[in-house]
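Residues per chain are reported as follows:
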Amino acid sequence: MDHLGSRLKSARENAGLSQSELAERVGMSQQGVADIETKGSRPRKLIEIARACGVTPEWLLGQSQDRLEPGADGPRPARAAKHPTNQASVSRKSLPEYDIRAGASYGGGMDDGEWRDGGVSGHEPVANWGLPQSYVERELGLTYGFADILPVRGDSMDDGTAKALLSGDRVVIDRKDTDPRQGGIFAVWDGDGVIIKQVEIVRGSSPPKIVCTSRNSNYKPIFLALDGNVHIIGRVSAKFSRM
């Protein structure tokens, strides 16, 4: 009997999708799709994958012989015919948002090695932000698979200025930029959770240490040793705030 991986490959190819195209549609990495097809393990985004391929989740799991949803005529073509147009084409991918309590004061989180390497995250996103690809890649300089959106919790980065990070804001994290030598605002795993702070390297420290500073003067600086239990997740490259 075919396992889930072979059924997924059949459905994906029937829908005219490459592994990369399917991954883009459901917010995964290409390697994540390849692993599912090879290993046959149940994906976290089963419903999204089934919808993108035009089949039922039950058929993918081998629990039903009904390949298509009732009333469906089959998968939509992956590539539409190209026609001349005077309007610029706007390509959109998505950035995942994780509710890991990435507050300026404290928060929970997950140290997921595969996620840090650009693969499938071990924690489910609460939303996917469909921003224009040109903005994400050219303006922000980000790489899909290595960029996330986190909510800000708490007031420790609120100094009352226009640059403040307010509770409820969203910040975009560039996980490819973990170098604090020039300073900046970073998301940091402090051993217990995720914090967002102004980070600087402590020169001459051994083992290497960082100092995490709040913009709100009511909070004291935090000194952390980069000893394996603590690591820099990535630099804050942008924020989204309410008016």
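The structure reproduced in this document is the subject of the present report. (Residues numbered from 1 in each chain as written. Predicted model: local features only at pLDDT ≥ 70, side-chain atom pairs only at ≥ 80, totals over all residues. Heavy atoms only, no water.)

## Let's talk about the packing of helix H2 (residues 19–26) against helix H4 (residues 46–53)
Here comes step 1: As a packed pair, H2 and H4 sit with axes 10 Å apart at the nearest point and diverge in direction by 125°. Considered as vectors, H2 and H4 are oriented oblique to each other. The handedness of the crossing between H2 and H4 is right-handed. On H4, the residues touching Leu22, Arg25 and Val26 of H2 are Glu48, Ile49, Ala52 and Cys53.
Here comes step 2: A per-class count over the contact of H2 with H4 returns 5 nonpolar, no polar and 2 charged. (Axes fitted to C-alpha atoms, helices over the stretch in contact; angles between N-to-C directions. Helix = DSSP H or I, 4+ residues; strand = E, 2+ residues; numbered from the N terminus. Parallel < 35°, antiparallel > 145°, perpendicular 65-115°, else oblique. Left-handed = near helix turned anticlockwise from the far one by under 90°. Contact = heavy atoms within 4.5 Å. Nonpolar A, V, L, I, M, F, W, Y, C, P; charged D, E, K, R; others polar.)

## Thoughts on helix H3 (residues 30–39)
Here comes step 1: Taken together, the buried positions of H3 are occupied by Gly32, Val33, Ala34, Ile36 and Glu37.
Here comes step 2: Residues of H3 that are buried make contact with helix H1 (4–14), H2 and H4.
Here comes step 3: Glycine 40, located one to two residues past H3, shows a positive phi value of around 75°. (Buried < 20%, exposed > 50% of the residue type's maximum accessible area, 1.4 Å probe, protein only.)

## Some details on the nonpolar core
One recurring pattern in soluble globular proteins is that nonpolar side chains are buried together.
Here comes step 1: Among the nonpolar cores identified, the biggest contains 19 residues, and Leu8, Leu22, Met28, Ile49, Cys53, Val55 and Leu60 are the most heavily contacted of them.
Here comes step 2: Going through the elements one at a time, H1, H2, H3, H4 and helix H5 (57–60) are the ones with two or more residues in this core.
Here comes step 3: At 5 residues, the largest contribution of residues to this core is made by H4.
Here comes step 4: Non-local contacts of leucine 22, meaning those with residues more than four positions away in its chain, are made with Leu8, Arg12, Leu17, Val33, Ile49, Ala52 and Cys53.
Here comes step 5: Among the nonpolar cores identified, the runner-up in size contains 14 residues, and Leu165, Trp189, Ile196 and Ile233 belong to it. (Core = buried A, V, L, I, M, F, W, Y, C linked by side-chain atoms within 4.5 Å.)

## Description of the packing of aromatic side chains
The geometry of an aromatic ring pair comes down to the distance between the two centres and the angle between the two planes.
Here comes step 1: Per the stated rule, a full pass over the model turns up 1 aromatic pair.
Here comes step 2: Just above the ring of tryptophan 59 sits the side chain of arginine 7; from NZ or CZ to the centre is 4.9 Å.
Here comes step 3: Lysine 176 extends its terminal NZ or CZ atom over the ring of phenylalanine 146, reaching a point 5.1 Å from the ring centre. (Phe/Tyr/Trp six-rings, centres within 6.5 Å; stacked < 30°, edge-to-face > 60°. Lys NZ or Arg CZ within 6 Å of the ring centre and 35° of its normal.)

## Examining the pairing of strand E5 (residues 185–189)
Here comes step 1: Taken across its 5 residues, E5 has 5 buried, putting it largely inside the fold.
Here comes step 2: Of the two faces of E5, the one lined by Ile185, Ala187 and Trp189 and the one lined by Phe186 and Val188 are each fully buried.
Here comes step 3: Note: E5 against strand E6 (residues 194–202), 5 bridges, orientation antiparallel. In the strand pairing of E6, isoleucine 185 is matched with glutamine 198.
Here comes step 4: Here E5 hands over to E6 after 4 residues, with glycine 191 in that stretch at a positive phi of 100°.
Here comes step 5: Here 4 bridges tie E5 to strand E9 (residues 231–240), and the two strands are oriented antiparallel to one another. Bridged to phenylalanine 186 within E9 is arginine 235. (Pairing = 2+ DSSP bridges.)

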